[in-house]
There are 2 protein chains.
Amino acid sequence: MKRFVSVCILLCFAVWGTIKAQVLTSPDGNVSLDFRLLSDGTPVYSLQYKGREVIKESRMGFLVSPEFVFCKDFEQIEERTGEADTVWHPVLGQYRDIRDHHKELFVALRQKDTGWLLNIRFRLFDDGLGFRYEFPVQEDLRNFTLKEEVTEFRLTGDHKAFWLPGDYDTNEYPTTTSLLSEVAFLTDSVRQEPLAVKSFTPDLAVQTPLMLKSADGLYINIHEAALVDYPAMQLNLDDKSFCLSAHLTPDKNGAKGFMQTGNVTPWRTIVVSDDARDILASNLILNLNEPCKLEDTSWIHPVKYVGVWWEYFTGQGSTWAYTKNQDIVIGKTDYTKEMPNGTHAANTAHVKEYIDFASRNGFDAVLVEGWNEGWEANFAYVKEHIYSFTRPYPDFDVSELQRYAAEKKVKIIMHHETTSSVCDYERQMEDAFRFMSEHGYDAVKTGYVGPIIPRSEHHDGQWMVNHYLRVVKMAAKYKAMVNSHEAVRPTGLCRTYPNWIAQESARGTEFESFKGNRPDHTTILPFTRLMGGPMDYTPGIFEGDLSVYGSNKAKLSTTLVKQLALYVTMYSPLQMAADLYTNYEKYPDAFQFIKDVAVDWDDTYILEAEPGDYITIARKAKGKDEWYVGGITDENSREATIDLSFLPRGKNYRAVIYADGEKADWRTTPKDYVIFSKKVNSKTVLKQRLAPSGGVAVSIKPM
Amino acid sequence: MKRFVSVCILLCFAVWGTIKAQVLTSPDGNVSLDFRLLSDGTPVYSLQYKGREVIKESRMGFLVSPEFVFCKDFEQIEERTGEADTVWHPVLGQYRDIRDHHKELFVALRQKDTGWLLNIRFRLFDDGLGFRYEFPVQEDLRNFTLKEEVTEFRLTGDHKAFWLPGDYDTNEYPTTTSLLSEVAFLTDSVRQEPLAVKSFTPDLAVQTPLMLKSADGLYINIHEAALVDYPAMQLNLDDKSFCLSAHLTPDKNGAKGFMQTGNVTPWRTIVVSDDARDILASNLILNLNEPCKLEDTSWIHPVKYVGVWWEYFTGQGSTWAYTKNQDIVIGKTDYTKEMPNGTHAANTAHVKEYIDFASRNGFDAVLVEGWNEGWEANFAYVKEHIYSFTRPYPDFDVSELQRYAAEKKVKIIMHHETTSSVCDYERQMEDAFRFMSEHGYDAVKTGYVGPIIPRSEHHDGQWMVNHYLRVVKMAAKYKAMVNSHEAVRPTGLCRTYPNWIAQESARGTEFESFKGNRPDHTTILPFTRLMGGPMDYTPGIFEGDLSVYGSNKAKLSTTLVKQLALYVTMYSPLQMAADLYTNYEKYPDAFQFIKDVAVDWDDTYILEAEPGDYITIARKAKGKDEWYVGGITDENSREATIDLSFLPRGKNYRAVIYADGEKADWRTTPKDYVIFSKKVNSKTVLKQRLAPSGGVAVSIKPM
């Protein structure tokens, strides 16, 4: 691996000038930003929290192809400051009301020799900083190609980091926790992880959202907001100086972004606090996204769903494919003349079983994977026209299921696995959404397994970033919600396009079936992946011993109760009860929590949090006097403290507590649980023991 | 430049075994093919014409990625021979009846170690050979990626060649005439030619159709037929052994074709004769294409057209763009609020002038370029959403023009310049054709200037080959004809998809405005580019001195009469009268020929031909007792001999002869012409002097 050191070292030799810094302070005074130009015209910023350095003076700007340095020789031609304090209401969310209170510094720069103009806009919140670059329309610069963004985040020391290795095509690595100085040593072994597609960064780099904790107890989260028409940012790591610097995802020819003046970059975000709970409570990234662009959002709704899915991973033999013929050709093969393989799960009768179950238990929808032509020979990359998105397999009666689901007041969730043959998907896309609209679907799960066609592109590059949003816009045209899997990690765009209801974009529950998740996994994700938006993590696995189905020896990395708690700790307005419905029928008392729990919220209370160790969150169900609490721990058992002071005063409630049993342990006895109820009020403080990789889940309703 | 020698040299060391050859002879006995397996299982073929060697024993097969040799170790498991003799009728063409008389040899091969199966099908005609590879469906081979096709064409000596240098993105080089041994020396200078996009082959290579002439007078043309779902073939040149070998156009990652068993390759074609006229008369390539796949072809018709086009090249200042604002953003810029630039040619009033002119003079259609949003900032490659294909500029009143054109019984030809932003075009494509259908358009000129997006692709690679055909199929859905410019060179697919009415795909008349065409240019093109199908060469320039318009000093490389003759010598069922209509009004007598000449034919007679020197062709207008003759010469004057024995016997006709005047010379007096008429019959032999780069055009009608 070649280390990326040149950009950071350059700065050490720069003449540190004495041009007066502009200082901006957050509304509560705790966070402050310095911006100035060095004597060679290099723009630099630094960030402090309660007087402690968070980001040391760090460079800003760009390298433009082929060889233009657009990060020095600037002079400042304009400066404006301002303050805004507004409240907005997400269509779906963790809070009914979100306050956006920030101070703003806008500086307009001109590069002396070229005359090129570059603006930088900073927004400083009580919980951190966002800044972006803006390219004003100008005569001498119009379309240009980025060689790199120079933005640095110069840390103050060898922080503890929760990191994924730099990769252009996947965010499904397990998270590694280590000091920054240990990343280089650990990266090679982390990259051994078997994944459908991997494209290593040539330089030592990590992905965002990057969660950091300094030795003196500062929690720092670095990510981006409003990633539109720009490549996703990875972070080069200089593990000597602890300087992080932007590493934009290139296309396969090395171009790092095709730009046009008049546009802006995403916001670079730094959330900071001395209390880990503030990181999870932060709305900074959402606040930096544009307000909702959809005029009508009445058709967007929270979704709790079950589906024909987990059985593909359990080892019981269910197949997405309808036949064994791997020589099928989409558009030519007449499937009605093919011999069925006898294991095709997405058949009408089986889907009806799920519809019946969903209807009986108050679920909104049933996901069906494997309904459409093409799964027999869905070879990635070597084949372009892999699937039809409008032709069901012969045993999936789309009209009958439409009728049946409507009668049962359940929606079927469409599935568009593209196997990353994206041009072909785009060709079929409008027909596919029209098909959905005509057949009563209002949500789709998209998938991008494997390497991308067009073959110049990576999952996290500008072209694909534009694609994902194109799908969301097309979906909105047909009033459909999108749950994208294997897409670039989110950056708060669900505010602007609330039909982008959730994403996967991280290591989800499916990896449990590959023995892939560790007990601390879900204590980290809210500090990393979820900073950008809701995740379709698909919790709810009750039968954690997959050997009951066949040869798969995988065992779940949690207790059963921790699976319940995830519905609260892993925020998403779209939540799956992922296990086979027959398993829920075996544990109806525990299943009651999944039936009850809300997925859209009026308010959220981060009660306890330490990344990699534990999280306890309480939330108030939207429009209801109901609260749900989830607490989880890593491999260590602990006692959660659940302070119910968020409850309205002077009123008693009935709490039902789903707790790990005395002998519960994820390794040996994950299904040992107890359920008991208790009268509680705003003065109650529950103390509840969590088993190793255990949890606690609580529902609170009026007496 | 790295020379490509390894593949060809390999053969010299192969053990030449003694396995008995299979011999196939053409119906007339003049052409014969030998096929056999060498003792190491390498398939080889050779070709003879009238007992003379045309292609020496040459290897066949493939290299498969990453490292599989699929061109030796074969055993033959089946052999079949046959003969077919049929007649078919093209929808549009040079002949009403085309005879397909060939013998066929089919061999099925199995590679001993791998068990992989490969079939080869040879078809031998009186004028040459076609063969293709077929990949049968089989258990152990399914999807695979080609590293190279090994097919060789081992020539017998240092032939004279009419060649374009190997290039993945353009076929707009001028043709160079030289010995094969001179290609290497000349290639670098030919590649200096300024073109919108160039991607040199790394190896010494030339493009097809490649026209060759041996020292002993054999004319040999190498090309391919039915290029579908496969990259276009270039030919590596070993200029020591004179071995040509297939060089498939790769994608930018180096992959040379993504294959699936069940498919076939294009046909490799070798047309051969000792009379150059037979090359032009050959229908071998059409015969190797599939019959027409369109059920209804009633809407396909020949097109003679004028248009808003040449004025963009003359230097008179007409612009495709409507404004001077280069910061426009398609979908955001409100053009009705933009200041017009005053030079936008595609405005309603000006288009009406062309409609009036077309209507007065019997033209079918008016091409209008520059009608749609986006031309101000149509930067290739750095920008993806360049044009709208459904939003006209404010001064182009699409509804009024639809009404006006219909009233005048003229069609407007749509223009889709993509600037090679192909994904974006595909996204808009169905809307664009629907828009055409709704507004009365039945033909579109497409364009692919500049490098391709997706950025992994070349103009001549498999992905784009599939794209061009996708456009043609979409067009057929909306009953539209396609005239594609800057697309891969044609391979006879106009038989299968007759709405693919013409292509440019070579250096057309527009290069006259860049001083780019040589006097011999059009004496070569019918032997090269036109072997694959009709070309929209856009002849008919009367005013050849562009300095009359402004600062452009270019002068036409032909006499005026040669421009007339091109309507006959350059076959196309779609022909433009490319000059400004005002120039035709100045020369109504000469213009009469363009008004009269047919563009679809019952029969064609190649009277005289020598590549690079001269061509004289007569054709019978489809369904009419009218004949048109065109004769052209290179920079040397000559006397054309026009033997009218093709006329029905015993009947007299009126011939109108458009001839170069006595002082005519392309360099000094191109517009010196004479027109005279003469009584002729089947015994008449006209002798007509052609000026340097001059021509003769004759119309023959009943008295």
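Since the model is a prediction, treat every value here as computed from it, not as a measurement.

Basis of the calculations
Residues numbered from 1 in each chain as written. Chains lettered and ligands numbered in written order. Predicted model: local features only at pLDDT ≥ 70, side-chain atom pairs only at ≥ 80, totals over all residues. Heavy atoms only, no water. UniProt positions renumbered as here; feature names shortened; annotations may be inferred. Helix = DSSP H or I, 4+ residues; strand = E, 2+ residues; numbered from the N terminus. Salt bridge = Lys/Arg side-chain N within 4 Å of Asp/Glu carboxyl O. Buried < 20%, exposed > 50% of the residue type's maximum accessible area, 1.4 Å probe, protein only. Pairing = 2+ DSSP bridges. Right-handed = clockwise from strand over helix to strand, strands pointing away. Domains from an automatic or database assignment. Contact = heavy atoms within 4.5 Å. Buried area = accessible area lost by both parts, 1.4 Å probe. Polar contact = N/O pair within 3.5 Å; in protein donor to acceptor, adjacent residues only side chain to side chain. Nonpolar A, V, L, I, M, F, W, Y, C, P; charged D, E, K, R; others polar. Least-squares fit on C-alpha atoms with pLDDT ≥ 70 in both. Phe/Tyr/Trp six-rings, centres within 6.5 Å; stacked < 30°, edge-to-face > 60°. Lys NZ or Arg CZ within 6 Å of the ring centre and 35° of its normal. 1 Å grid on protein atoms, 1.4 Å probe; cavity = no way out; pocket = protein on both sides within 12 Å on 5 of 7 lines; lining within 4 Å. Points joined across faces, edges and corners; volume = space filled by probe spheres on them. Lys, Arg positive; Asp, Glu negative; His and termini not counted. Arc of directions from axis to C-beta. pLDDT = per-residue confidence, 0-100. Axes fitted to C-alpha atoms, helices over the stretch in contact; angles between N-to-C directions. Parallel < 35°, antiparallel > 145°, perpendicular 65-115°, else oblique.

*Asks:* I'd like a description of the UniProt feature "domain: Glycosyl-hydrolase 97 N-terminal" (unreviewed entry) in chain A, backed by residues and values.
*Replies:* In this structure's numbering, the residues bearing the UniProt feature "domain: Glycosyl-hydrolase 97 N-terminal" (unreviewed entry) are residues 24–291 of chain A. Along residues 24–291 of chain A one finds 7% helix and 48% strand; the C-alpha atoms at either end are 25 Å apart.

*Asks:* A description of the pattern of salt bridges should follow, citing residues and the corresponding values.
*Replies:* A side chain with one charge may pair with a side chain of the opposite charge, provided their charged atoms come close. All names here are of chain B. All told, the structure shown has 94 salt bridges over all chains when counted by the stated rule. Note that E149 is salt-bridged to R268, the shortest N-O span being 2.8 Å. Taken together, the positions of E149 in strand β11 (residues 143–149) and R268 in strand β21 (residues 267–273) put the pair 119 residues apart, joining distant regions of the chain. A relative accessible area of 1% places E149 in the buried class. Its relative accessible area of 0% is what places R268 among the buried residues.

*Asks:* Go over the pairing of strand β25 (residues 443–447) of chain B, please, and point to the residues and values.
*Replies:* Residues and elements named next belong to chain B. Within β25, 5 of the 5 residues are buried, which leaves it mostly tucked inside the rest of the structure. A two-sided burial pattern is seen for β25, the buried positions comprising A443, K445 and G447 on one face and V444 and T446 on the other. Of the strand pairs in this sheet, strand β24 (residues 411–417) and β25 are connected by 4 bridges, and their pairing is parallel. Bridging across to β25, M414 finds its partner in V444. As paired strands, β25 and strand β26 (residues 481–484) are joined by 4 bridges and run parallel to one another. Among the inter-strand pairings, T446 is bridged to a residue of β26, identified as S484. Read from β25 through helix α8 (residues 462–477) to β26, the crossover connection turns out right-handed.

*Asks:* Give a description of the domain arrangement of chain A that names residues and reports values.
*Replies:* Residues and elements named next belong to chain A. Splitting chain A by domain gives domain 1 (2–286), domain 2 (294–505) and domain 3 (508–572 + 580–703). When each unit is reduced to the centre of its C-alpha atoms, the spacing between domain 1 and domain 3 is 34 Å. Contact with domain 1, which involves 27 residues of that partner, is made by 28 residues of domain 3. Summed over both sides, the interface of domain 1 with domain 3 buries roughly 2400 Å², with 58% coming from carbon and sulfur. The largest contributions to the domain 1 side of the interface with domain 3 come from Q94, R277 and L280, which together make up 28% of the buried area. One can count 1 salt bridge joining domain 1 with domain 3. E610 is the salt-bridge partner of K213, the closest N and O atoms lying 2.8 Å from each other. Our count for the contact surface shared by domain 1 and domain 3 stands at 12 residue pairs in polar contact (both at pLDDT 80 or more). Counting only elements with at least two residues in the side of domain 1 that touches domain 3, the list comes to β14 (176–179), β16 (210–213), β17 (219–225) and α3 (276–281). Element by element, the count of residues in the side of domain 1 that touches domain 3 is highest for α3, at 5 residues. Residue composition of the side of domain 1 that touches domain 3, by class: 16 nonpolar, 7 polar and 4 charged.

*Asks:* With reference to specific residues and values, describe the interface of chain B and chain A.
*Replies:* Every contact between the two is made by 28 residues of chain B and, on the other side, 28 residues of chain A. Between chain B and chain A, a total of about 2600 Å² is buried, with carbon and sulfur atoms accounting for 46% of that surface. Seen at the junction of chain B and chain A, the total is 4 salt bridges. The salt bridge partner of A:R142 is B:D327, with a shortest N-O separation of 2.8 Å.

*Asks:* Give me the relation of the copies chain B and chain A: which residues, what numbers.
*Replies:* When chain B is fitted to chain A, the residual RMSD is 0.0 Å, and the transformation amounts to a turn of 180° plus an axial shift of 0.0 Å. The relationship between the two copies is best expressed as a two-fold rotation axis. Every residue of chain B has its C-alpha some distance from the rotation axis, and the shortest such distance is that of B:S456, at 2.2 Å. A share of 100% of interface residues in chain B that are also interface residues in chain A marks the association as one of identical surfaces.

*Asks:* Before we move on, could you go through the packing of aromatic side chains and cite the residues and values that matter?
*Replies:* On inspection of all chains with the given rule, the structure shows 88 aromatic pairs over all chains. With 5.4 Å between their ring centres and 50° between their planes, A:F35 and A:F122 make a pair best called tilted. Here the residue A:F35 occupies a position in strand β2 (residues 31–37), and A:F122 occupies one in strand β9 (residues 117–125), the gap between them amounting to 87 residues. No difference in accessibility class separates A:F35 from A:F122, as the two residues are buried. Ring geometry for A:F363 against A:F591: centres 5.9 Å apart, planes inclined by 15°, an arrangement best described as stacked. Of this pair, A:F363 sits in the loop between α5 (348–361) and β23 (365–368) while A:F591 is found in helix α12 (residues 588–596), placing the two residues 228 residues apart along the sequence. Here A:F363 matches A:F591 in class, with each residue buried. Grouped by ring-pair contacts, the aromatic residues A:W309, A:W310, A:Y312, A:F313, A:W320, A:W375, A:Y387, A:F389, A:Y425, A:F511 and A:F514 constitute a single cluster. Across from the ring centre of A:Y381, 5.0 Å away, lies the NZ or CZ of A:R455, which sits over that ring. Between A:R455 and the ring centre of B:F258, over which it is positioned, the NZ or CZ distance is 3.5 Å.

*Asks:* I'd like a description of empty space enclosed by the protein, backed by residues and values.
*Replies:* Gaps between atoms show up when a probe of the same size as a water molecule is rolled over them. Residue and element names in this part refer to chain B. Scanning the model with the defined rule gives 11 cavities of 30 Å³ or more in all. Within this model, the largest cavity holds a volume of roughly 440 Å³. In terms of lining residues, the largest cavity is bounded by 31 residues, among which Q94, L286, L530, G533 and Y571 are the most central. Going through the elements one at a time, α4 (284–287) and β30 (614–621) are the ones with two or more residues in the lining of the largest cavity. Classifying every residue of the lining of the largest cavity by side-chain character gives 21 nonpolar, 8 polar and 2 charged.

*Asks:* Run through the side chain of A:D536, naming residues and quoting values.
*Replies:* Residue and element names in this part refer to chain A. Topologically, D536 is positioned in the loop between α9 (521–524) and α10 (560–569). As a buried residue without a salt bridge, D536 has its nearest oppositely charged side chain in K445, at a separation of 5.2 Å. Separated by 2.7 Å, the side chains of D536 and N483 make a polar contact.

*Asks:* Tell me about helix α2 (residues 183–190) of chain B, residues and numbers included.
*Replies:* Residue and element names in this part refer to chain B. Restricting attention to buried positions, one finds in α2 the residues V183, A184, T187 and V190. Down the axis of α2, the buried side of the element spans an arc of 115°, and every buried residue falls inside it. Where α2 is buried, its residues touch β13 (160–163), β14 (176–179), β15 (205–207) and β18 (233–238).

*Asks:* Can you explain the environment of A:A443? Please cite residues and give values.
*Replies:* Residues and elements named next belong to chain A. With respect to the helices and strands, the residue A443 is situated in strand β25 (residues 443–447). Once the C-alpha coordinates of A443 and F433 are considered, the two residues, 10 residues apart in sequence, prove to be 9.7 Å apart. Apart from residues lying up to four places away in sequence, A443 is in contact with I413, M414, M436 and M481.

*Asks:* Can you break down the confidence of the model for chain A residue by residue, with the values?
*Replies:* Residue and element names in this part refer to chain A. Model confidence for chain A is summarised by a mean pLDDT of 96, while 97% of its residues fall at 70 or above. Scored below 50 in pLDDT, residues 1–18 makes 47 contacts in the model with residues more than four places away or belonging to other chains. Interface confidence for the predicted complex, given as ipTM, is 0.94, next to a pTM of 0.95.

*Asks:* Mind laying out unusual backbone geometry, listing which residues take part and the relevant values?
*Replies:* Note that the residue after A:I453, namely A:P454, is joined by a cis bond; omega there is 20°. Assignment of secondary structure puts A:P454 in the loop between β25 and α8 (462–477). Look at A:K50: it is not a glycine, yet its phi comes out positive at around 45°. Positionally, A:K50 belongs in the loop between β3 (43–49) and β4 (52–59). Even without a glycine there, the phi angle at B:T538 is positive, about 55°. Relative to the helices and strands, B:T538 is located in the loop between α9 (521–524) and α10 (560–569).

*Asks:* Explain the packing of α10(B) against helix α12 (residues 588–596) of chain B to me, and be specific about the residues and the numbers.
*Replies:* All names here are of chain B. The geometry of α10 relative to α12 is characterised by a closest axis approach of 10 Å and an angle of 10° between their N-to-C directions. Our classification of the angle between α10 and α12 gives roughly parallel. For the pair α10 and α12, the contacting residues are L560, L564, Y567 and V568 in the first and A590, F593 and I594 in the second. Residue classes in the contact of α10 with α12 are distributed as 7 nonpolar, no polar and no charged.

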